[in-house]
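Breakdown of the fold
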Amino acid sequence: MRFEYAPAPESRAIVTLRDSYGLFIGGSFTGGSSVFKTISPASEEVLAEVTHAGPEDVDRAVAAARQAYERTWSVMPGRERGKYLFRIARIIQERARELAVLETLDNGKPIRESRDVDVPLAAAHFFYHAGWADKLGYAGFGPSPRSLGVVGQVIPWNFPLLMLAWKVAPALACGNTVVLKPAETTPLTALLFAEICQQADLPPGVVNIVTGDGATGQALVAHPGIDKIAFTGSTEVGKEIARACAVSGKRLTLELGGKAANVVFDDAPVDQAVEGIVNGIFFNQGHVCCAGSRLLVQESVYDDVLAALRRRMGTLRLGDPLDKNTDVGAINSRAQLDKIGELVSSGEAEGAARWSAPCPLPDRGFWFAPTIFTEVSQAHRIAREEIFGPVLSVLTFRTPAEAIEKANNTPYGLSAGVWTEKGSLILWMASRLRAGVIWANTFNRFDPASPFGGYKESGFGREGGRHGLEAYLDVAGSADAAGSADA
Ligand code: NDP
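None of the values given here were measured: they were computed from a predicted structure. (Residues numbered from 1 in each chain as written. Predicted model: local features only at pLDDT ≥ 70, side-chain atom pairs only at ≥ 80, totals over all residues. Heavy atoms only, no water.)

**What to know about the overall build of the protein**
A count of helical and extended segments in the protein gives 15 helices and 20 strands. Relative to a compact globule of 487 residues, whose C-alpha radius of gyration would be 23 Å, the protein shows 22 Å and is just as compact. Residue burial in the protein is summarised as follows: out of 487 residues, 60% are buried. For the protein, the proportion of contacts with a sequence separation of at least 24, taken over those separated by at least 6, is 76%. (Helix = DSSP H or I, 4+ residues; strand = E, 2+ residues; numbered from the N terminus. Rg over C-alpha atoms; globule rule 2.2 N^0.38 Å. Buried < 20%, exposed > 50% of the residue type's maximum accessible area, 1.4 Å probe, protein only. Contact = heavy atoms within 4.5 Å.)

Dropping the structure here:
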């Protein structure tokens, strides 16, 4: 049954948009080489003008971060650093509505998701890492692990504030300073975070934010004053960054693409599994690196699962992301919409059967209806490439061994899901699936205490949990007092 809902728009009044934003360097906003506009993908309305950082601006940001590292942050006791992180976490909570509305405006994701997932998880990452700041000597990396120095961080547009939190919180907790580059299409919450750093009295230069495009990211990656690069984004750009860092001696962690298998066995409760399938691929319009974009259904329940899935997809509400009833928001950019369209066309041309939920699309903005493909073969591009949109490829299997064979038949290895009521089968599958994160009878669940990261072309290094600290510590370093992260 489909219910009609009256509009329930969240007010934008809580957000004060400036006409233009500078770069955040050395604790204050400054000018840069040129400007670009950021728009709302739901309406194509220009939201603000943002500064494009050129190489000389990146240079200033790295110098500010180096100075803050040497004079302030690396010599500050861990318990003092922790206080700043707790303060930032609390301000994120206090300004949660403002952050959620701004994220939804700039990214196009439903307010329900930015309000209930992105912003609370961002605060949780700061709380979690604040707790580690004075306990690094007990994290299993020796009694006095050292910080690395200045970290360059490049993040994508799918979870702008949350990816910032995943990167900035552990770096700061471990005693490093950062220069962060947000994605070109979603810079606004990072710039609001810069204001939060000011509000928290974070020492100038500890966090620097340089907005721009891929060229800004390239300048940051290539800068000789950077000790470590942390990147989340496409596998293609990840490979380029790996090549650039290989000759520089910089440390590197990469969190790249995925093509996760979501495996449904015949004993799984169908309604619960369907909720997990929908959450796995339509959450955040499928702009999720660990999205369950390949559904593997046991042949004996294929008809039941597909019928229930189509029924459920028919109830998804697509439209104004600021409406609290909206399930599926806007595609983040025209470029991403074109990419989704191109891959969907290839699926049709290669012989897979397309079915899209019968939902009307708004006239303005970038939209794509939730879509499934059946009759998909392993060789189809839609079964192999990351679509990064609300498009699910459905395959079948007969035995657990076949499910493993198909699930692992991908260049990626970021996540996977298993739906069955048998605990032994979950464990059997989990030990054979080649993926960094495996969810059982759930999907897309995140916790700052749980490490996240990939195998193969999904990248290397872990974010979150004790394991994630390792990416920001010189674990082979000596116990000298200077630079000791746990002083
Ligand atoms: P990119 O990998 O290009 O972007 C990620 C970040 O890297 C952005 O901040 C981007 O800047 C920056 N960047 C781009 N080129 C370089 C470079 N040469 N050196 C350093 N930094 C760089 O992803 P896109 O946004 O272009 O999306 C393309 C595809 O990537 C998507 O269709 C999707 O399939 C996949 N993707 C996967 C993600 C994941 O988490 N797995 C996240 C995002 C995208 P800017 O955006 O300003 O150009």
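On we go from here.
**Focus: helix 10 (residues 302-313)**
In this model, helix 10 (12 residues) spans 16 Å end to end at C-alpha, consistent with the 16 Å of a helix rising 1.5 Å per residue. Taken residue by residue, helix 10 has V305, L306, A308, L309 and M313 as its buried positions. The buried residues of helix 10 all sit within an arc of 165° when viewed along its axis, so they share a single face. The exposed set on the far side of helix 10, more than 90 degrees from its buried face, consists of D303 and R311. If you follow the buried residues of helix 10, they end up packed against strand 12 (261-264), helix 9 (270-282), strand 13 (294-298), strand 14 (353-356), strand 15 (371-374) and strand 16 (391-397). (Expected span 1.5 Å × (residues − 1). Arc of directions from axis to C-beta.)

**Some words on the sheet that holds strand 17 (residues 415-419)**
For sheets, the rule is that strands pair by backbone hydrogen bonds, running either parallel or antiparallel. Strand order in the open sheet formed by seven strands is 14-15-16-13-12-17-18, and the pairing between neighbours is mixed. Of all the strands in the sheet, just strand 14 and strand 18 (437-440) have a single pairing partner and so form its edges. Put simply, the sheet's adjacent strands are angled 20° from each other on average, direction ignored. The sheet contact formed by strand 15 and strand 16 spans three bridges and is parallel. (Pairing = 2+ DSSP bridges. Axes fitted to C-alpha atoms, helices over the stretch in contact; angles between N-to-C directions.)

**Things to note about the sheet that holds strand 1 (residues 20-21)**
The strand order 1-5-4 describes an open sheet built from three strands, whose pairing is mixed. Pairing within the sheet leaves two strands with one partner each, and these edge strands are strand 1 and strand 4 (34-39). Two elements, strand 4 and strand 5 (residues 46-52), share six bridges in a ladder whose sense is antiparallel. Residue S34 lies in a different strand from strand 5, and its bridge partner there is H52.

**Describing the pattern of salt bridges**
Here the structure, examined in full by the defined rule, presents 26 salt bridges. Measuring nitrogen to oxygen at the nearest pair gives 3.5 Å for the salt bridge that ties E49 to K37. Residue E49 is found in strand 5, and its partner K37 is found in strand 4; the two are separated by 12 residues along the sequence. By relative accessible area, E49 is classed as partly exposed at 28%. (Salt bridge = Lys/Arg side-chain N within 4 Å of Asp/Glu carboxyl O.)

**Comments concerning the nonpolar core**
Core analysis: the largest hydrophobic core is formed by 109 residues, its most contacted members being F126, F193, V207 and I209. Counting residues per element, this core draws most heavily on helix 5 (residues 160-173), which supplies 11 residues. Shared between two domains, this core holds at least three residues of each, these being domain 1 (20-256 + 454-472) and domain 2 (261-440). Discounting chain neighbours no more than four positions away, the residues touching F126 are L85, I88, A89, I92, A165, V168, A169 and F193. (Core = buried A, V, L, I, M, F, W, Y, C linked by side-chain atoms within 4.5 Å. Domains from an automatic or database assignment.)

**With respect to unusual backbone geometry**
Note on backbone geometry: most residues besides glycine have negative phi, and most peptide bonds are trans. Residue N284 is not a glycine yet carries a positive backbone phi of 55°. Along the polypeptide, N284 turns up in the loop between helix 9 and strand 13. Even without being a glycine, K456 presents a positive backbone phi close to 50°. The residue K456 is located in the loop between strand 18 and strand 19 (459-460) in this model. A relative accessible area of 35% places K456 in the partly exposed class.

**Regarding the site of the ligand**
For the ligand, the set of nearby residues contains 28 residues, the closest of which are I155, W157, S234, Q336 and K339. Taking G214, its main chain carries an N or O atom lying 3.1 Å from an oxygen atom of the ligand. The side chain of K339 places a nitrogen or oxygen atom 2.6 Å from an oxygen atom of the ligand. Compared with its free state, where it exposes 850 Å², the ligand has 86% of that area covered by protein. Looking at side-chain class alone, the shell around the ligand contains 12 nonpolar, 10 polar and six charged residues. (Near = heavy atom within 4 Å. Polar contact = N/O pair within 3.5 Å; in protein donor to acceptor, adjacent residues only side chain to side chain. Areas by Shrake-Rupley, 256 points an atom, 1.4 Å probe, with all protein chains shown as cover. Nonpolar A, V, L, I, M, F, W, Y, C, P; charged D, E, K, R; others polar.)

**Considering the packing of helix 1 (residues 55-73) against helix 7 (residues 214-222)**
Contact geometry of helix 1 with helix 7 gives a least axis separation of 9 Å together with a crossing angle of 45°. For the element pair helix 1 / helix 7, the angle class is oblique. The way helix 1 lies across helix 7 gives a crossing that is right-handed. Together, P55, V58 and V62 of helix 1 and T216, A219 and L220 of helix 7 make up the contact between the two elements. Residues that form the contact of helix 1 with helix 7 fall into these classes: five nonpolar, one polar and no charged. (Parallel < 35°, antiparallel > 145°, perpendicular 65-115°, else oblique. Left-handed = near helix turned anticlockwise from the far one by under 90°.)

**Description of the environment of S345**
Within the element layout of this structure, S345 appears in helix 11 (residues 334-349). Note: C-alpha distance between S345 and I382 (37 residues apart in sequence) is 9.5 Å.

**A word on the domain arrangement of the protein**
Considered domain by domain, the protein is made up of domain 1 (20-256 + 454-472) and domain 2 (261-440). Computed from C-alpha atoms alone, the centre-to-centre distance between domain 1 and domain 2 is 30 Å. Between domain 1 and domain 2, the residue contacts involve 32 residues of the former and 34 residues of the latter. Buried surface at the junction of domain 1 and domain 2, both sides included, amounts to about 2,800 Å², of which 55% is carbon and sulfur. Scanning the region where domain 1 abuts domain 2 turns up two salt bridges. The salt bridge involving R112 is made with D327; its shortest N-O contact spans 2.5 Å. (Buried area = accessible area lost by both parts, 1.4 Å probe.)

**What to know about the side chain of S415**
Mapped onto the elements of the fold, S415 is located in strand 17. What makes S415 buried here is its relative accessible area of 5%. Of note is the side chain of S415, whose polar atom sits 2.9 Å from the backbone oxygen of C290. Contacts of S415, omitting those with residues within four sequence positions, involve A260, A261, C290, A435, V437, W439 and F443.

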